[in-house]
Amino acid sequence: MKFKTIQNKFNFNNLIEISTNYKNKKPFPYCVIDNLWDFNLLKNVEKEFNEFQDWDGEKKFAGAIKKRFCETEHKMPVNIIEILRFCNSSKFISSLEKLTGEKGLIPDPHYRGAGMHSTTKGGFLKMHTDFNWNEDLNLYRRINLLIYLNSKWENNWGGELKFATKNYKGLIIQKSIKPIFNRTVIFTTSDVSYHGVPESVKSPEYIDRKSLILYYYVAKRPKNTSFVKKTSTNYRMSNGSALIKRSFLKNALSLIKDNLLPRKMLEAYKKFRNYK
């Protein structure tokens, strides 16, 4: 389905009207919208997803396992490319700004950390807060958008997206969202927007948990975002403590690199890191 067709079939008013009181939702601003997309379009996207094999990689560490991803647009199937480009279009972003109250949203044409995501049986994504700074775009991350592509997803397979707050007792789950077909989730990301799929997916071996993901950015540091520019994800255990421990020296060097190095020195650092 071509971009123009997607645009003509999309009800922009529906995006805004369905999602009233976005900013007042707890534990942080979000909305869940079912059947936002043309049914036949998403069925084609799901079919392409099921046949896709050219993944960029698969997460295999304490924070996430059995989570495949593709951020490379030229490798993606045609309908998936069209819907991602539509979500990055001016008209769609204008509606997203009205929905969220965020001004000056900027899409990421490189889909860093976004694009196609697939979690297979036994996979998970531990609770976390996102990186707040995209060093390639020089922008602050602000809005996450997820489109689920899981027909006939059964409740006992798990895979729910969970939102949580953090207090002295640890992480307290406040919202659980099933990843059913044609469900769109939009939420504001900040230093306190704890979310994830912390429990292992229990679907059959031949069925994966599929989603398209997009991130949107802003030029100015937003509310509830640290002054420190963080380029990595902050994973947490259920008791609230850091899942991945880093030495004081590594943390200090990372903060210096992300926040104090002049741009030319930072570019030289990146070249040295890639050379190694």
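Residues numbered from 1 in each chain as written. Predicted model: local features only at pLDDT ≥ 70, side-chain atom pairs only at ≥ 80, totals over all residues. Heavy atoms only, no water.

## Regarding the side chain of threonine 188
Consideration 1: Residue placement: threonine 188 occurs in strand β10 (residues 183-188).
Consideration 2: Note on threonine 188: relative accessible area 7%, which makes it buried.
Consideration 3: Here the side chain of threonine 188 touches tyrosine 22 through a polar contact of 2.9 Å, side chain to side chain.
Consideration 4: Each residue touching threonine 188, except ones within four places of it in the same chain, is listed here: Tyr22, Phe28, Pro29, Glu102, Arg142, Ile143 and Ser193. (Helix = DSSP H or I, 4+ residues; strand = E, 2+ residues; numbered from the N terminus. Buried < 20%, exposed > 50% of the residue type's maximum accessible area, 1.4 Å probe, protein only. Polar contact = N/O pair within 3.5 Å; in protein donor to acceptor, adjacent residues only side chain to side chain. Contact = heavy atoms within 4.5 Å.)

## Focus: the pairing of strand β8 (residues 161-167)
Consideration 1: Sheet analysis places β8 next to strand β9 (residues 170-177), joined by 7 bridges and oriented antiparallel. Along β9, the bridge assignment pairs lysine 162 with serine 176.
Consideration 2: Taking the residues that link successive antiparallel strands as the turn, the β8-β9 hairpin has 2 residues. (Pairing = 2+ DSSP bridges.)

## As for the packing of aromatic side chains
Consideration 1: In the structure shown here, the tally under the stated rule is 19 aromatic pairs.
Consideration 2: Between tryptophan 37 and phenylalanine 92, the ring centres sit 6.1 Å apart and the planes meet at 25°, which makes this aromatic pair stacked. In this pair, tryptophan 37 sits in the loop between β1 (30-34) and α3 (39-51) while phenylalanine 92 sits in helix α5 (residues 90-100), placing the two residues 55 residues apart along the sequence. Exposure class is identical for tryptophan 37 and phenylalanine 92. Each is buried.
Consideration 3: When the centroid spacing of 5.5 Å and the interplanar angle of 75° are considered together, the rings of phenylalanine 61 and tyrosine 235 count as edge-to-face. Linking phenylalanine 61 in strand β2 (residues 57-61) with tyrosine 235 in strand β13 (residues 234-235), this pair joins segments that are 174 residues apart in sequence.
Consideration 4: The class of phenylalanine 61 is partly exposed, set by a relative accessible area of 31%. (Phe/Tyr/Trp six-rings, centres within 6.5 Å; stacked < 30°, edge-to-face > 60°.)

## Comments concerning the pattern of salt bridges
Consideration 1: Using the criterion set out here, one finds 12 salt bridges in the structure.
Consideration 2: Among the salt bridges present, the one from arginine 141 reaches aspartate 130, with a minimum N-O distance of 3.1 Å. With arginine 141 in strand β7 (residues 139-148) and aspartate 130 in the loop between β5 (115-129) and β6 (133-134), the pair connects residues that are 11 residues apart, well separated along the chain. Just as arginine 141 is buried, aspartate 130 falls in that class too.
Consideration 3: Between aspartate 208 and lysine 210 there is a salt bridge; the shortest N-O distance is 3.2 Å. Judged on exposure class, the residue aspartate 208 and its partner lysine 210 are both buried.
Consideration 4: One connected set of salt bridges, linked through shared partners, spans Asp54, Asp56 and Lys75. (Salt bridge = Lys/Arg side-chain N within 4 Å of Asp/Glu carboxyl O.)

## A word on unusual backbone geometry
Consideration 1: For the peptide bond that leads from lysine 26 to proline 27, omega is 15°, which places it in the cis range.
Consideration 2: Of note, proline 27 is situated in the loop between α2 (12-18) and β1.
Consideration 3: Positioned with a positive phi, asparagine 35 is a non-glycine residue whose angle comes to about 60°.
Consideration 4: With respect to the helices and strands, the residue asparagine 35 is situated in the loop between β1 and α3.
Consideration 5: According to the relative accessible area criterion, asparagine 35 is exposed, its value standing at 57%.
Consideration 6: With a phi angle near 60°, asparagine 138 is a residue other than glycine that sits in the positive phi range.
Consideration 7: Topologically, asparagine 138 is positioned in the loop between β6 and β7.
Consideration 8: You can call asparagine 138 partly exposed: its relative accessible area is 32%.

## Looking at the packing of α3 against helix α4 (residues 78-87)
Consideration 1: Packing of α3 against α4 leaves a shortest axis separation of 8 Å and a crossing angle of 125°. The pairing of α3 with α4 is recorded here as oblique in orientation. Of the two elements, α3 crosses α4, and the hand of that crossing is left-handed. Residues Leu41, Leu42, Asn44, Val45, Glu48 and Phe49 of α3 touch α4, and the partners they reach there are Val78, Asn79, Ile80 and Ile83.
Consideration 2: Each residue belonging to the contact of α3 with α4 can be placed in one class, and the counts come to 7 nonpolar, 2 polar and 1 charged. (Axes fitted to C-alpha atoms, helices over the stretch in contact; angles between N-to-C directions. Parallel < 35°, antiparallel > 145°, perpendicular 65-115°, else oblique. Left-handed = near helix turned anticlockwise from the far one by under 90°. Nonpolar A, V, L, I, M, F, W, Y, C, P; charged D, E, K, R; others polar.)

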